[in-house]
Amino acid sequence: MRIAIDGPGGSGKSTISKILAKKLGLIYIDTGAMYRACAYVSLRFDLHGDALKEFINNAEIDFLQDDGTQRVSMLFQGSEYDLTEAIRTPQVSAKVSEVAADKRIREILTKKQKNLASRKNVIMDGRDIGTVVIPDAEVKIFLNASVDERSHRRYTELKEKYPDISYDEVKDDLMKRDETDIKRETAPLLKAEDAVEIDTTGLSVEEVVQEIMKTVKKKRAAGENI
Ligand code: CDP
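Calculation criteria
- Residues numbered from 1 in each chain as written.
- Predicted model: local features only at pLDDT ≥ 70, side-chain atom pairs only at ≥ 80, totals over all residues.
- Heavy atoms only, no water.
- Pairing = 2+ DSSP bridges.
- Helix = DSSP H or I, 4+ residues; strand = E, 2+ residues; numbered from the N terminus.
- Axes fitted to C-alpha atoms, helices over the stretch in contact; angles between N-to-C directions.
- Contact = heavy atoms within 4.5 Å.
- UniProt positions renumbered as here; feature names shortened; annotations may be inferred.
- Buried < 20%, exposed > 50% of the residue type's maximum accessible area, 1.4 Å probe, protein only.
- Polar contact = N/O pair within 3.5 Å; in protein donor to acceptor, adjacent residues only side chain to side chain.

Points about the sheet that holds strand β2 (residues 27–30)
Spatially, the five strands line up as an open sheet ordered β2-β6-β1-β7-β8, and their pairing is parallel. Taken across any chain shown, the strands that pair with only one partner, and hence form the sheet edges, are β2 and β8 (196–199). Adjacent strand axes in the sheet meet at a mean angle of 20°, parallel and antiparallel pairs treated alike. Examined bridge by bridge, strand β1 (residues 3–6) and strand β7 (residues 139–144) share four bridges and lie parallel to one another. Note that in β7 the partner of Ile-5 across the bridge is Ile-141. Together, β2 and β6 (122–126) form the strand contacts of helix α2 (residues 31–45), whose direction differs from that of β2 by roughly 35°.

See below:
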């Protein structure tokens, strides 16, 4: 079974996907982490446009399971770099949507993601999974929540690592990214026509998981072999 989870930042995609992956025995692939890795490389090595494309084309992005947490690493010219923490900084967040709007970068990452999804037992989260990466996913979910709820969730997460960060900065970053992600020409943030939309405002993690499990069970009851 392949599950596609799309939605804006802070809507709960990664938390929910990790739980469902465990429950259903699926491999979790965080496609946002791949775009974040590209943004990190762009900032770290001052690479843009074709030069960035060239670098990413020659790099491999890997996900490793480590005691329940997922680590993200990049293999480049025979060396492996652990980027798990580096891709979550406010600087990378502020850059990532610009990099993700670049057609050349999307082309490379979409190909890698389609390849990963060909394994048939994945749960993938992002912005264009149900529309572009796995348009034939058996289950498609679009998570959403009010911008204030999403900002509070992200602020609580980030505050632990960055005590100086303010709520307004976090909200501003989410709103700017929403706008860039929705308005871009290639593979914008969009609910697939056949996706089930869930507004997670005020819902607990368990309630969202149960809601998605209903869709999975319905598909199974309808005789779909998933
Ligand atoms: O941390 P948050 O949930 O806000 O976002 P993320 O899933 O880590 O994705 C970071 C950024 O990558 C998004 O704001 C998009 O610009 C981009 N992205 C994308 O364009 N397509 C995807 N499939 C996944 C992420």
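What follows picks up the thread again.
Thoughts on the sheet that holds strand β5 (residues 79–82)
The three strands lie next to each other as β3-β4-β5, forming an open sheet whose pairing is antiparallel. In this open sheet, the two edge strands, each paired with only one partner strand, are β3 (59–66) and β5. When the angles between neighbouring strand axes are averaged without regard to direction, this sheet yields 30°. In terms of strand pairing, β3 meets strand β4 (residues 69–76) through eight bridges, oriented antiparallel. Bridge pairing links Glu-60 to Leu-75 in β4.

Examining the UniProt feature "binding site: ATP" (unreviewed entry) in the protein
Under the present numbering, the feature "binding site: ATP" (unreviewed entry) in UniProt falls on Gly-7, Pro-8, Gly-9, Gly-10, Ser-11, Gly-12, Lys-13, Ser-14 and Thr-15. Within the secondary structure layout, Gly-7 lies in the loop between β1 and α1 (13–24). Judged by relative accessible area, Gly-7 falls into the buried class, the value being 0%. Among all residues touching Gly-7, those that are not within four sequence positions of it are Lys-13, Gly-126, Arg-127, Phe-142, Leu-143 and Leu-189. Following the sequence through the fold, Lys-13 ends up in helix α1. Setting aside anything within four residues of it in sequence, one finds Lys-13 in contact with Ile-5, Asp-6, Gly-7, Pro-8, Asp-125, Gly-126, Arg-127 and Leu-143. Among the polar contacts made by the side chain of Lys-13, one reaches the main-chain carbonyl oxygen of Gly-7 at a distance of 3.1 Å.

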